[in-house]
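Here are the chains, one letter per residue:
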Amino acid sequence: MDQTLDRHQSWTRVGHALFIGICIVIVIVLVPRAWALRPLILEASARSQVQRTLQAVADTQGWLLSGLLLRDIQEDGVIVEHVQHHAGPDEHICRRILFRDARILPCID
Amino acid sequence: MYRLIAIIGLQCYAVALALMQMRIGVRTDEAKYVLDIPYPHPPFARFILNILDGWTYHELFWRIVLATIVVQAAWFIADMVRAERPLRRAAVMLAWLGSAAVLYQAGTIMMAPLTAIQGLMFVWLLLSDRTVDRYAPWIAMFWLASLFTAYQAVLFGPLVLALFLRMDIPWKRVALYVGIPVILLALYTLTNPLAAASMLSHAEKDAAQTLVERLLQTSWIAVLGGSGVLTLVGVLGIVYRPRFGLIVSLLLVFLYVFLSRYDYYAVLFTPLFIAGCVRLLRALPHDALAVGMGVPISTMVLASQFIVLPTVSAVPATMALIEAQEGKGDVLIAGSFGHEWQFGSSWPIRRYHSSLLVHAQAVICLSPCEEMMQQPRWTHVESAPVELWLKERP
């Protein structure tokens, strides 16, 4: 009886630790990304500037907006991960797009 | 032995439903998930669906897997009424299996049927007379996975809260298990502006409709969710033997569909109607057979009179013609198009613009593109199901 109770308690403890662990991993992954994109939430002007720039580059390049994953917002432009989704493996390319003229530059690591 | 025959029979049903959807082809929402395009839903399920991207039987595999999950979930319903006679248990299973929502959505690669199954699991746990306290953190992980499968899972939040409140665990732990996954989902949304923008555009879709039109359409989707008979029995069961989680979840699903109307949300109602049905039949077990028989019959009536299947996709035939040419370069599409074109294509897809023709091998015109008539080295393919232009090989 005691053994069964112990087994149940350890089962619960393992589950609890795993739940907390998964939550912490999610926070570690998401917080830096949310921090990088905070101007989108805090500044209406940044929001419209980003939207305008991405739309301009999508129009000229024929890219789909759903293939542009916003990664960072900088003083003079945005960093995006560009994916052209199709059947089979997709190439993920990091690109820097300038606000001034929607020029596309490679990312500098 | 009887159970094994039933499992095999159900599996045949699941495969038939998957093949029915396979015949229609991949739709834009399905393509979004199998290609792991990051909107509108969080990444958990679409990441898994994308693992086999590029495999010839990718679509068929997931259709059969998802149809199997939805159909074989009937065993959980049987467990909810396990005290009843076998024939009555079978009747309640039939109410799930025969509902219009399950029939038309089981073989789709969509988030709605997956969320419905997650909802059904919460209903099963809530209505169970077993003690599930020791599984609390595992249920919390399932709740977290449900939320990171699709935003709609939040509609079943009241069921989850009711389930944890029933357990003999401290309230702080209830808050942790129910609340933290919701906070993490909100945090995810902040990192994915496309998801937020997509949700807003969905909500504005039917903004011009009157209140009465919206109410009627939402009610119609609720009817599809239970083929009318299960809808009625389910609502009666929830009202007759009220339970906080069930009532609030039902209201939330209704409100959600009211604000953002899509026929495929019908299946979100089904687990709640099953819960109502189970609660009603526990009081009136003799009516189980009538419900079990009534649901498939009403589904047949709805199917013959009101339900129209989507038209067969033009994507595979068009892409086969492009592939036959063995060319290289992008495929350009003029006009509004869905993600199914990306799913069907082995090459990158771009929106048509005459300046991009130099690097393209094909142009698909879903809206008129008169400029193509003047382009040298481009041939119009008469046999294509849509207007198709291929670049002549040098």
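Being a predicted model, the structure only gives us computed values, none of them experimental. (Residues numbered from 1 in each chain as written. Chains lettered and ligands numbered in written order. Predicted model: local features only at pLDDT ≥ 70, side-chain atom pairs only at ≥ 80, totals over all residues. Heavy atoms only, no water.)

**Remarks on the packing of helix 14 (residues 229-240) of chain B against helix 17 (residues 288-305) of chain B**
Residues and elements named next belong to chain B.
So, step 1. Where helix 14 contacts helix 17, the axes come no closer than 8 Å and their chain directions differ by 135°. Taken together, the axes of helix 14 and helix 17 are oblique relative to one another. Across from V229, L230 and V233 in helix 14, the residues of helix 17 making contact are V291, G294, V295 and S298.
So, step 2. Here the contact of helix 14 with helix 17 is built from residues that sort into five nonpolar, two polar and no charged. (Axes fitted to C-alpha atoms, helices over the stretch in contact; angles between N-to-C directions. Helix = DSSP H or I, 4+ residues; strand = E, 2+ residues; numbered from the N terminus. Parallel < 35°, antiparallel > 145°, perpendicular 65-115°, else oblique. Contact = heavy atoms within 4.5 Å. Nonpolar A, V, L, I, M, F, W, Y, C, P; charged D, E, K, R; others polar.)

**Structural notes on the sheet that holds strand 1 (residues 330-334) of chain B**
Sheet strands pair via backbone hydrogen bonds, and the direction of the pair is either parallel or antiparallel.
Residue and element names in this part refer to chain B.
So, step 1. Reading across from one edge, 2-1-3-5-4 is the order of the five strands in this open sheet, with mixed pairing throughout. Strands at the two margins of the open sheet, each flanked by one partner only, are strand 2 (349-351) and strand 4 (378-381). Averaged over all neighbouring strand pairs, the angle between strand axes comes to 25°, with direction disregarded.
So, step 2. Here five bridges tie strand 1 to strand 3 (residues 360-365), and the two strands are oriented parallel to one another. If you follow L332 over to strand 3, its bridge partner there is V363. (Pairing = 2+ DSSP bridges.)

**What about the packing of helix 13 (residues 211-226) of chain B against helix 15 (residues 244-259) of chain B?**
Relative placement of two packed helices is described by the angle separating their axes and the distance separating the axes.
Residues and elements named next belong to chain B.
So, step 1. One can describe the packing of helix 13 onto helix 15 by two numbers: an axis separation of 9 Å at closest approach and a directional angle of 125°. The angle between the axes of helix 13 and helix 15 places the two elements in the oblique class. Classified by chirality, the crossing of helix 15 by helix 13 is right-handed. On the side of helix 13, the interface is formed by L211, R214, L215, T218, S219 and I221, while helix 15 contributes F254, V257, F258 and L259.
So, step 2. The class makeup of the residues in the contact of helix 13 with helix 15 is seven nonpolar, two polar and one charged. (Left-handed = near helix turned anticlockwise from the far one by under 90°.)

**Quick look at the interface of chain A and chain B**
So, step 1. Tallying the contact residues gives 36 residues for chain A and 40 residues for chain B.
So, step 2. With both chains or domains summed, chain A and chain B bury close to 3300 Å², and 70% of this area falls on carbon and sulfur atoms.
So, step 3. A per-residue breakdown of the area chain A buries against chain B is headed by F19, L64 and H85 of chain A, which together make up 20% of the total.
So, step 4. Inspection of the chain A/chain B interface yields zero salt bridges.
So, step 5. Where chain A packs against chain B, one counts twelve residue pairs in polar contact (both at pLDDT 80 or more).
So, step 6. Listed by contribution, the elements that provide at least two residues to the side of chain A that touches chain B are helix 1 (2-36), helix 2 (38-42), helix 3 (44-61) and strand 1 (68-73) of chain A.
So, step 7. Here the side of chain A that touches chain B is built from residues that sort into 21 nonpolar, twelve polar and three charged. (Buried area = accessible area lost by both parts, 1.4 Å probe. Salt bridge = Lys/Arg side-chain N within 4 Å of Asp/Glu carboxyl O. Polar contact = N/O pair within 3.5 Å; in protein donor to acceptor, adjacent residues only side chain to side chain.)

**Considering the nonpolar core**
So, step 1. Core analysis: the biggest nonpolar cluster contains 110 residues, and W96, F164 and I274 of chain B have the highest contact counts within it.
So, step 2. Here this core gets twelve residues from one element, more than from any other, and that element is helix 16 (residues 266-283) of chain B.
So, step 3. By size, the runner-up hydrophobic cluster in this structure holds 17 residues, among which are L64 of chain A together with W341, L388 and L390 of chain B. (Core = buried A, V, L, I, M, F, W, Y, C linked by side-chain atoms within 4.5 Å. Buried < 20%, exposed > 50% of the residue type's maximum accessible area, 1.4 Å probe, protein only.)

**So, the pairing of strand 3 (residues 92-98) of chain A**
Residue and element names in this part refer to chain A.
So, step 1. Bridging between strand 2 (residues 77-83) and strand 3 involves seven bridges; their strand directions are antiparallel. Note that in strand 3 the partner of V78 across the bridge is I97.
So, step 2. As judged from the three bridges shared by strand 3 and strand 4 (residues 104-106), these two strands associate in the antiparallel manner. Residue R96 lies in a different strand from strand 4, and its bridge partner there is L105.
So, step 3. Taking the residues that link successive antiparallel strands as the turn, the strand 3-strand 4 hairpin has five residues, and the phi of A102 there is positive, at about 55°.

**Examining the packing of aromatic side chains**
So, step 1. Tallied over the full model, the rule gives 16 aromatic pairs over all chains.
So, step 2. Aromatic side chains F19 of chain A and Y177 of chain B sit 5.2 Å apart centroid to centroid with 85° between the ring planes, which places their arrangement in the edge-to-face category. Taken together, the positions of F19 of chain A in helix 1 and Y177 of chain B in helix 11 (residues 171-191) put the pair across two chains. Of the two residues, F19 of chain A and Y177 of chain B, neither departs from the other in class, the shared state being buried.
So, step 3. Relative to Y177 of chain B, the ring of F164 of chain B has its centre 5.7 Å away and its plane inclined at 40°; by these criteria the two rings are tilted. (Phe/Tyr/Trp six-rings, centres within 6.5 Å; stacked < 30°, edge-to-face > 60°.)

**What to know about the environment of I322 of chain B**
All names here are of chain B.
So, step 1. Mapped onto the elements, I322 comes out in helix 18 (residues 315-324).
So, step 2. Placed 68 residues apart in sequence, I322 and L390 show a C-alpha to C-alpha distance of 7.3 Å.
So, step 3. Those residues in contact with I322, other than ones at most four positions away along the chain, are V331, W347, Q361, A362, I364, L388 and L390.

**Side note on the side chain of Q152 of chain B**
Residues and elements named next belong to chain B.
So, step 1. Residue position: Q152 is located in the loop between helix 9 (136-147) and helix 10 (157-166).
So, step 2. Given the relative accessible area of 2%, Q152 is considered buried.
So, step 3. Those residues in contact with Q152 that sit more than four places away from it in its chain are H41, T115, Y256, Y265 and L268.

**A closer look at the pairing of strand 4 of chain B**
Residue and element names in this part refer to chain B.
So, step 1. Relative to strand 5 (residues 387-391), strand 4 runs antiparallel, the two sharing four bridges. Within strand 5, the residue paired with V381 across the bridge is L388.
So, step 2. Counting the residues that bridge the hairpin from strand 4 to strand 5 gives five residues.

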